[in-house]
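Spelled out, the chains give:
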Amino acid sequence: MTTSPPSLSHIRVVLVEPAQAGNIGSVARAMKNAGLTRLYLVRPVDHTTGDARKMAHGSGDILYGATVTDTLDEALEGTILTVGTSARARKDFDVLYGPSEVATRLVSLPADCEGALVFGREKTGLTNDELEKCQLLCRIPSAHSYPSLNLSQAVLIMGYELYRTAANPDERPDLEIAPYEQIEAMYAHVAGGLDMLGFSSHHRPETFMRSIRRLFGRIQLEKRDVSTLHRIFRHIDRFVVRHNIQVEPDGPMSRANRATDVSESETEKTDEPE
Ligand code: SAH
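Residues numbered from 1 in each chain as written. Predicted model: local features only at pLDDT ≥ 70, side-chain atom pairs only at ≥ 80, totals over all residues. Heavy atoms only, no water.

A. Representation of the overall build of the protein within the structure. For the protein, the helix and strand inventory stands at twelve helices and seven strands. Here the protein holds 274 residues, and the buried ones make up 46% of them. Sequence-distant contacts, at least 24 apart, represent 84% of the contacts inside the protein between residues at least 6 apart. Accessible surface for the protein amounts to roughly 15000 Å². Of this, 51% is attributable to carbon and sulfur atoms. (Helix = DSSP H or I, 4+ residues; strand = E, 2+ residues; numbered from the N terminus. Buried < 20%, exposed > 50% of the residue type's maximum accessible area, 1.4 Å probe, protein only. Contact = heavy atoms within 4.5 Å. Areas by Shrake-Rupley, 256 points an atom, 1.4 Å probe, with all protein chains shown as cover.)

B. Fine view of unusual backbone geometry. The phi torsion at Glu-17 lies on the positive side, around 45°, for a residue other than glycine. Along the polypeptide, Glu-17 turns up in the loop between β1 (11-16) and α1 (21-34). The phi angle at Asn-244 is positive, at roughly 55°, despite the residue not being glycine. Residue placement: Asn-244 occurs in the loop between α10 (223-242) and α11 (252-260). The exposure class assigned to Asn-244 is exposed, which follows from its relative accessible area of 60%.

C. The site of the ligand, seen in detail. Taken together, 20 residues surround the ligand, and among them Thr-85, Arg-88, Lys-123, Ile-140 and Leu-149 come closest. In this structure, Ser-86 approaches the ligand through a main-chain N or O atom, which is 3.2 Å from a nitrogen atom. Arg-88 is positioned such that a nitrogen or oxygen atom in its side chain is 3.0 Å from an oxygen atom of the ligand. Coverage of the ligand by the protein chains reaches 93% of its 550 Å² of free accessible surface. (Near = heavy atom within 4 Å. Polar contact = N/O pair within 3.5 Å; in protein donor to acceptor, adjacent residues only side chain to side chain.)

D. Geometry of the pattern of salt bridges. A full pass over the atoms with the stated rule returns 13 salt bridges. The salt bridge involving Glu-161 is made with Arg-164; its shortest N-O contact spans 3.0 Å. With Glu-161 and Arg-164 both in helix α7 (residues 151-167) and three residues apart, this pair spans about one turn of that helix. With relative accessibility at 13%, the residue Glu-161 sits in the buried group. Across the salt bridge formed by Arg-258 and Asp-250, the nearest N and O atoms sit 2.9 Å from each other. Connected through salt bridges with shared partners, the residues Glu-17, Arg-43, Arg-121 and Glu-130 form a single ionic network. (Salt bridge = Lys/Arg side-chain N within 4 Å of Asp/Glu carboxyl O.)

E. Representation of the packing of aromatic side chains within the structure. Scanning all chains against the criterion turns up two aromatic pairs. Ring plane angle 50° and centroid distance 6.3 Å describe the contact between Tyr-187 and Phe-216, whose orientation is recorded as tilted. Placement of the pair is Tyr-187 in helix α8 (residues 180-196) and Phe-216 in helix α9 (residues 205-217), with a sequence separation of 29 residues. For the pair Tyr-187 and Phe-216, one class covers both residues: buried. Arranged with centres 4.8 Å apart and planes meeting at 45°, the rings of Phe-199 and Phe-208 form a pair that is tilted. Using a relative accessible area of 27% as the deciding quantity, one classes Phe-199 as partly exposed. (Phe/Tyr/Trp six-rings, centres within 6.5 Å; stacked < 30°, edge-to-face > 60°.)

Encoded structure:
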């Protein structure tokens, strides 16, 4: 039986301020071996000459086809799942995934949804601000005495996991993952429901909504999970109406939700599924 090669074209590799041309070339080579094609470089050194060319043997298409951006935001535009990588656990970033979990999440993204793997500077890695833009944080297990891998070797290990996961359909969970817009509609409903209940957060409402996004961002929500939550919140809506409770229609939680939404316009277009 012949199987078509796995497609990883919806996954981009983002390098933030790579300072050594040779590393960029090696990353292109590692990507080629793994079947990854889309390289994004944020403020790189010159990546088209010298060591970069040498190390990118057989993978010039990836190297020269790289998209260069001034900011990480530009490099992440259009993605819905962003994974930051780090050699160390970071304070305030307590949920750490391993390469195979991350690969499963990225490979099983719904059609038309893009993901990114973000790698940091050779000397200092990613800043906390940069990691905050990522939904998941991934660490490749390595010796505690010297946990930091060479940049391109880190890309190779992540690429290997992605390739392996994509090439083995048996290992891919058969889930009906909820697409982005359905998940956004769910957050809007949760926020609206909290407003209906007159919920007020001791912290800023934005922080609370961010915690909710963090909680659900940690798990792969299937369509039926989203429907379950809608059911609960529909019940709350009806309860409030039936009991004639006076509520603020567009209250603080709904406003906070829109402030934490990365793509407000898409949310507003979305219909809530039955
Ligand atoms: N001194 C830096 C290491 C930078 S290594 C630090 O401690 O953060 C360059 C990049 O390679 C890192 O930013 C990360 O993206 C990746 N990397 C290196 N080792 C890694 C590991 N064990 N797990 C995940 N990513 C790793």
